[in-house]
Amino acid sequence: MQLISNLTDRALVEAFLLTREEWAFRLLYQRHNPSLWRLAMRLSKHNREVAEDVLQDVWIRAIEKLPQFRWDSNLRTWLSGFVLMRSREQWRSNASVQKRMEPLEKAQDLALWPDFSFEKNELTQAIEQLSPGFRMVLTLYDLEGFKHEEIATLLGISIGTSKSQLSRARALLRQQLDGLKR
């Protein structure tokens, strides 16, 4: 099993497409679903039900489109594009209703703004108050570790726009968090 789990994404995709064996899909799913889940949760304002719906649709769409994947980007970036697309569809349809707030999963997320003293839930709420475009770029860059080039590709914007939106999102977030300190 150790040998199989060391296979590259490309080898797993090729094995899955060739044989449609469940083991290959399962390994891809186990490898990428945690980061896709975090992204879906953040983009859905931590609504577990919406994030689950998004991910289910993402994997269905990804499997359908997998034969056309050209490996111009890494598989994680490509799959994240489906999360972004599906999240946008959710926003447009106004189908999501926030049911429950959950704190950010990683304490390291707070290290992004070390000069502020606030609770995780306050940070979560402040991020959720950002407009979808700002929230998306901030989430992808600061919380998920994507590069501006990847964000630009995923969102269909220029690298400069990605940098600008990140800067504006951080400024708005700092304003909100500064207001909480008073």
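Keep in mind that what you see is a predicted model, and the values were worked out from it rather than measured.

Thresholds, definitions, all that
- Residues numbered from 1 in each chain as written.
- Predicted model: local features only at pLDDT ≥ 70, side-chain atom pairs only at ≥ 80, totals over all residues.
- Heavy atoms only, no water.
- Core = buried A, V, L, I, M, F, W, Y, C linked by side-chain atoms within 4.5 Å.
- Buried < 20%, exposed > 50% of the residue type's maximum accessible area, 1.4 Å probe, protein only.
- Helix = DSSP H or I, 4+ residues; strand = E, 2+ residues; numbered from the N terminus.
- Domains from an automatic or database assignment.
- pLDDT = per-residue confidence, 0-100.
- Contact = heavy atoms within 4.5 Å.
- 1 Å grid on protein atoms, 1.4 Å probe; cavity = no way out; pocket = protein on both sides within 12 Å on 5 of 7 lines; lining within 4 Å.
- Points joined across faces, edges and corners; volume = space filled by probe spheres on them.
- Nonpolar A, V, L, I, M, F, W, Y, C, P; charged D, E, K, R; others polar.
- Expected span 1.5 Å × (residues − 1).
- Bend = angle between axes of the 7 residues up to and from the residue.
- Axes fitted to C-alpha atoms, helices over the stretch in contact; angles between N-to-C directions.
- Left-handed = near helix turned anticlockwise from the far one by under 90°.
- Phe/Tyr/Trp six-rings, centres within 6.5 Å; stacked < 30°, edge-to-face > 60°.
- Lys NZ or Arg CZ within 6 Å of the ring centre and 35° of its normal.

### Considering the nonpolar core
For step 1, the next point in the chain: Counting 45 residues, the largest nonpolar core has Leu75, Trp78, Val83 and Leu140 as the members making the most contacts within it.
For step 2, the next point in the chain: Counting residues per element, the ones that place at least two in this core are helix H2 (9–19), helix H3 (22–43), helix H4 (48–65), helix H5 (75–93), helix H6 (120–128), helix H7 (132–143), helix H8 (148–155) and helix H9 (159–181).
For step 3, the next point in the chain: The biggest single contributor to this core is H3, with 8 residues.
For step 4, the next point in the chain: Domain assignment of the residues forming this core places at least three in each of domain 1 (1–113) and domain 2 (119–182).

### Things to note about the confidence of the model for the protein chain
For step 1, the next point in the chain: Of the residues in the protein chain, 81% reach a pLDDT of 70 or more, and the chain-wide mean stands at 82.
For step 2, the next point in the chain: This stretch, residues 94–111, has a pLDDT under 50; its non-local contacts, to residues over four places away or in other chains, come to 45 contacts.
For step 3, the next point in the chain: Of the regions scoring below 50 in pLDDT, residues 113–117 engages in 13 contacts with residues more than four places distant in sequence or in other chains.

### Brief notes about the layout of surface pockets
For step 1, the next point in the chain: Quantified by volume, the largest pocket comes out at close to 300 Å³.
For step 2, the next point in the chain: Together, 14 residues line the largest pocket, and Phe69, Arg70, Ser73, Trp78 and Thr153 are the ones closest to its centre.
For step 3, the next point in the chain: Among the elements of the structure, H5 and H8 are those that each provide at least two residues to the lining of the largest pocket.
For step 4, the next point in the chain: Ranked by residues supplied to the lining of the largest pocket, first place goes to H5 with 5 residues.
For step 5, the next point in the chain: Here the lining of the largest pocket is built from residues that sort into 6 nonpolar, 5 polar and 3 charged.

### Section: H3
For step 1, the next point in the chain: Spanning 22 residues, H3 covers 29 Å between terminal C-alpha atoms, matching the ideal 32 Å at 1.5 Å per step.
For step 2, the next point in the chain: Maximum bend of H3: about 45°, positioned at Asn33, with proline Pro34 one to four residues after it.
For step 3, the next point in the chain: For H3, the set of buried residues is Ala24, Leu27, Leu28, His32, Asn33, Ser35, Leu36, Leu39, Ala40, Met41, Arg42 and Leu43.
For step 4, the next point in the chain: Where H3 ends, the next residue or the one after it, Lys45, has phi of about 60°, a positive value.

### Points about the packing of H3 against H7
For step 1, the next point in the chain: Two elements in contact, H3 and H7, have axes whose closest approach is 10 Å; the angle formed by their N-to-C orientations is 145°. The hand of the H3/H7 crossing is right-handed. Residues Leu39, Arg42 and Leu43 of H3 form the contact with H7, whose own contacting residues are Arg135, Met136, Thr139, Leu140 and Leu143.
For step 2, the next point in the chain: Of the residues that constitute the contact of H3 with H7, the class distribution is 5 nonpolar, 1 polar and 2 charged.

### A look at the packing of aromatic side chains
For step 1, the next point in the chain: With the rule as written, the count across this model stands at 7 aromatic pairs.
For step 2, the next point in the chain: With 4.5 Å between their ring centres and 55° between their planes, Phe69 and Trp71 make a pair best called tilted.
For step 3, the next point in the chain: Of the residues examined, Phe69 reaches a relative accessible area of 9% and is grouped as buried.
For step 4, the next point in the chain: Here Trp71 falls in the partly exposed class, since its relative accessible area comes to 22%.
For step 5, the next point in the chain: When the ring of Trp78 is compared with that of Phe82, the centres are 4.8 Å apart and the planes differ by 90°; the resulting orientation is edge-to-face. In this pair, Trp78 and Phe82 are both assigned in helix H5, 4 residues apart and thus about one turn of the helix distant.
For step 6, the next point in the chain: Ring pairing ties together the aromatic residues Phe16, Phe25, Tyr29 and Trp59, which thus form one cluster.
For step 7, the next point in the chain: Geometry around Phe146 places Arg76 over its ring, the cationic atom sitting 4.3 Å from the centre.

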